[in-house]
Each structure stands twice: as structure tokens, then as C-alpha cells.
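Topology and contacts: notes
Residues per chain are reported as follows:
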Amino acid sequence: MSAANDIELIRTANLPGAERRSIERAARRGDLERIRPGVLVRRGALDGLHPNDRHVVLVRAALARVRPSDVLSHESACAVLGYPFTGWWPPKVHVADPTTTHTRVTACFVRHGVGHRRPAPGSVFRGVAVTTPARTVIDVASARPLLAALPVVDHVLRHGLTDPDQLRRELAELHQGHAKARIAIEMGSAASDSPAESVCRVRFRQLGTPAPLQQHAFHRPGERTAVVDFWFPEQGVVVEVDGRGKYEDPAMLGNRTTADAHWHEKQREDFVRSFPEVRFVIRLTWADLMDPDAVRAKLVRAGVPCR
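The rules behind the values
Residues numbered from 1 in each chain as written. Predicted model: local features only at pLDDT ≥ 70, side-chain atom pairs only at ≥ 80, totals over all residues. Heavy atoms only, no water. Salt bridge = Lys/Arg side-chain N within 4 Å of Asp/Glu carboxyl O. Helix = DSSP H or I, 4+ residues; strand = E, 2+ residues; numbered from the N terminus. Buried < 20%, exposed > 50% of the residue type's maximum accessible area, 1.4 Å probe, protein only. Phe/Tyr/Trp six-rings, centres within 6.5 Å; stacked < 30°, edge-to-face > 60°. Lys NZ or Arg CZ within 6 Å of the ring centre and 35° of its normal. Expected span 1.5 Å × (residues − 1). 1 Å grid on protein atoms, 1.4 Å probe; cavity = no way out; pocket = protein on both sides within 12 Å on 5 of 7 lines; lining within 4 Å. Points joined across faces, edges and corners; volume = space filled by probe spheres on them. Nonpolar A, V, L, I, M, F, W, Y, C, P; charged D, E, K, R; others polar. Axes fitted to C-alpha atoms, helices over the stretch in contact; angles between N-to-C directions. Parallel < 35°, antiparallel > 145°, perpendicular 65-115°, else oblique. Left-handed = near helix turned anticlockwise from the far one by under 90°. Contact = heavy atoms within 4.5 Å. Core = buried A, V, L, I, M, F, W, Y, C linked by side-chain atoms within 4.5 Å. Pairing = 2+ DSSP bridges.

**Regarding the pattern of salt bridges**
- Applying the stated criterion to the full structure yields 23 salt bridges.
- Of the charged contacts, one joins arginine 283 and glutamate 269 as a salt bridge, the two residues approaching to 2.7 Å between their closest N and O atoms. Taken together, the residues arginine 283 in strand 13 (residues 280-284) and glutamate 269 in helix 11 (residues 258-273) connect sequence positions 14 residues apart.
- A salt bridge links lysine 298 to aspartate 288; its shortest N-O distance comes to 2.8 Å. Placement of lysine 298 in helix 13 (residues 292-302) and of aspartate 288 in helix 12 (residues 286-289) is noted, with a sequence separation of 10 residues between them.
- For aspartate 288, a relative accessible area of 12% puts it in the buried group.
- When salt bridges with common partners are traced through the structure, they connect Glu240, Asp242, Glu265, Arg268, Glu269, Arg273 and Arg283 into a single cluster.

**Observations concerning the packing of aromatic side chains**
- Enumeration over the complete set of coordinates arrives at six aromatic pairs.
- For the ring pair phenylalanine 271 and phenylalanine 275, a centre distance of 5.2 Å and an interplane angle of 90° mean the geometry is edge-to-face. Per residue, the accessibility class of phenylalanine 271 equals that of phenylalanine 275, and both read buried.
- Each member of the aromatic cluster is reached from another via a ring pair, and the members are Phe218, Trp231, Phe271 and Phe275.
- Seen from the ring of phenylalanine 109, arginine 111 lies directly overhead, with NZ or CZ sitting 4.9 Å from the centre.

**Digging into helix 8 (residues 195-207)**
- In this model helix 8 runs 19 Å from its N-terminal to its C-terminal C-alpha over 13 residues, within 8% of the 18 Å that 1.5 Å per residue would give.
- Among the 13 residues that make up helix 8, 10 are buried, leaving the element largely enclosed by the rest of the structure.
- Trailing helix 8 by a residue or two, glycine 208 shows a phi angle of about 70°, which is positive.

**Re empty space enclosed by the protein**
- Scanning the entire structure with this criterion turns up one cavity of 30 Å³ or more.
- Of the volumes computed, that of the largest cavity is approximately 30 Å³.
- Val228, Val238, Glu240, Glu265, Arg268, Glu269, Val272, Val281 and Arg283 together form the lining of the largest cavity.
- Secondary-structure elements contributing two or more residues to the lining of the largest cavity are strand 12 (237-241), helix 11 and strand 13.
- Ranked by residue count, the leading element in the lining of the largest cavity is helix 11, at four residues.
- For the lining of the largest cavity, a count of residues per class yields four nonpolar, no polar and five charged.

**Remarks on the environment of threonine 106**
- Tracing the backbone shows threonine 106 in the loop between strand 6 (104-105) and strand 7 (109-113).
- Accessibility expressed as a relative area gives 28% for threonine 106, which makes it partly exposed.
- With 14 residues separating them along the chain, threonine 106 and lysine 92 place their C-alpha atoms 8.5 Å apart.

**Regarding the packing of helix 4 (residues 133-143) against helix 7 (residues 178-187)**
- Remark: helix 4 packs on helix 7, axes separated minimally by 7 Å, with the N-to-C direction vectors making an angle of 120°. Relative to helix 7, the element helix 4 lies oblique. In the packing of helix 4 onto helix 7, the handedness of the crossing is right-handed. On helix 7, the residues touching Ile138, Ala141, Ser142 and Ala143 of helix 4 are Lys180, Ala181, Ala184 and Ile185.

**Structural notes on the nonpolar core**
- One finds Ile35, Val57, Leu72, Val93, Phe125 and Leu167 to be the most contacted residues of the largest nonpolar core, which totals 52 residues.
- Counting residues per element, this core draws most heavily on helix 5 (residues 146-158), which supplies eight residues.
- Phenylalanine 125 has contacts with Asn5, Val56, Val59, Arg60, Leu63, Leu72, Val80 and Val130, leaving out every residue within four places of it along the chain.
- If you look at the next biggest cluster of nonpolar residues, it comprises 17 residues, including Val199, Val239, Leu289 and Ala302.

**Examining helix 2 (residues 51-62)**
- With 12 residues, helix 2 ought to run about 16 Å at 1.5 Å a step, and its terminal C-alpha atoms sit 17 Å apart, in line with that.
- Helix 2 sits mainly inside the fold: 10 of its 12 residues count as buried.
- Every buried residue of helix 2 is listed here: Asn52, Asp53, His55, Val56, Val57, Leu58, Val59, Arg60, Ala61 and Ala62.

**Considerations on the sheet that holds strand 3 (residues 39-42)**
- Strand order in the open sheet made by the three strands is 1-3-2, with antiparallel pairing throughout. Edge positions in the open sheet fall to strand 1 (10-11) and strand 2 (32-36), since each of these has one partner strand only.
- Pairing of strand 1 with strand 3, which is carried by two bridges, proceeds in the antiparallel orientation. Paired with arginine 11 across the strands is valine 39, a residue of strand 3.
- Those strands touched by helix 1 (residues 17-29) are strand 1, strand 2 and strand 3, and its axis lies near 105° from that of strand 2.
- The sheet contacts of helix 2 involve strand 1, strand 2 and strand 3, and relative to strand 2 the element is tilted by about 75°.

**Describing unusual backbone geometry**
- Phi is positive for arginine 126, which is not a glycine, with a value near 50°.
- Within the secondary structure, arginine 126 sits in the loop between strand 8 (121-125) and strand 9 (128-131).
- Exposure remark for arginine 126: the relative accessible area of 47% places this residue in the partly exposed category.
- Positive phi, normally seen in glycine, also occurs at glutamine 215, with a value near 50°.
- Structurally, the position occupied by glutamine 215 is in strand 10 (residues 213-219).
- The class for glutamine 215 is partly exposed, based on a relative accessible area of 26%.

Written out as C-alpha cells, the structure is:
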């Protein structure tokens, strides 16, 4: 369960005047933080929350203003469904609004007009409908850059929440964003094991590299097997996306220490380098992925051609 669901929301709408004034005084003292008009949280309640969880809190704060016909959509659907959106989380809640054909921005919402074609709800969040996995993907891929959209596409494919044919059918029913969304759908890969790998694939496309193999296994009979993130066979180059989570996240460490994880990774890389067809092993961090020139420099230095 997301930590965002446990945060207490203090609503002032139906409180007696004296109690409302007391809450306003607490807000002015800094004891409470306002996250939208009429909704506050205790000071520090949002500290340390992942941006995804912060947006879930924003959605919860706006639920009282959601109409019965609204469907949570776009990034707001990603947030409540736990999808790995990697762009900037919006400061307003996104909904599909079947009462209009125009997109309108209000104090709390971005209302995407869908006319009478209300998206079929895929799930419910605290009594409010949420778009299906396929529709959520199409909405994000139609409106956001590939760098933000592809991790969402790869996530739903990897977890079997939809399939490429369903995504194509969903896209065919819409009238906007076709070209942008189609690129994301056709690039979608269930083999991407993390949002960072998805972002890395976008960088490869932007830099014009050859298409690498994903999750390639290096194996010798009687020895271990090492699966690498990307393998450029013609250039003899392995690319690993090296996040800090594998060394710091307790869920990924299991019973190992950080030192154990570093040692294991070193042994694994030595094994991969022992294959004669492997000329270079490149490690890309998240900071590298946010800088295309850094990615290009590492690839070119290893002999991977870029446009």
C-alpha cells in the first residue's frame, strides 16, 4: 500500500467557523501545509514522499470535487495505478470529462474533453473510476514526450496488463496524438526491466545507434549465467544501466549488505568480460541518462556508432 494513502487530510469545508479559523491560524504558524483550497496536511507529512505518492495525495485532496461522470486519466491515472511516469508530475489532477469536447484547466483539474465517449473504467480509486491500462498508456503517449511515455508502455507490457494489439485498438479509437503515441507503442518492450532501461532505449533511438539485444544471457556450461541489460553484438559492447537501488534499496538487497552487492556485481562483470566477444562494458547511471551527450560520449568511446 502506498504511503500516500495513510496521510491524514484535514478538510475545512464542513467545519464550524471557530474550528475553521483555528485551522487557518495553525496554517499561518506553519503547523499545517495547504495542498489545495480547503485541504491541508500536517507539517512535514509530505517530506520524503516519492513524486508519484505526492500526486496521489493531490488526487485524494481533489476527490470531493470530482464529478460522477469523470474518469481519472493521464498522469493521475498513472499515479493511482502505480505506473512509473518519469516526467514532471503535474500540479493539477487530470480527468477525462464526457460532458465536453474541449480541454479546460481549472484551479484543481485539467479536464480532457472526450464528448460522449467516456473511457471505459478499468478500476476504481476511492470510489472514482480510473482509465484502463491501455487507455492510460495511450493518453500519456499521445500527450507526453517519448522519454516519459515509454517507461509506462514497457511497464504495462512487462506486467501483462495489456498487449500491443490492445494498445493499437485503443489508439485507433482516438483522433489526436496518433503519430507520437504510435512511436511509443511500436517501441514498447516487455523485456525492459526498469524505467531506467526504458529511458536508455529512448536515448539509443535519439542517438541513432544500432538496435541492441535486450536481456542477453552470457553462459558457459557448468558456470554461472549473467543476463545483461543491452548487448551490441557487432560492436562487442555491453551496456548496463546502473541504478543505486541495487546497492541501497532493502527490497533489492534482500539479506545482502551494500558491500556484498558491490562484490557480487564486480564478480558478475568480470564473468561477462571474460567472454572473448565482449570488448567493452559500459555502465550508465540515471544522471548519464538525463544527459544525452554523456551517453553519446560513452557509446562512441566504446565503438558504438551514433548519428
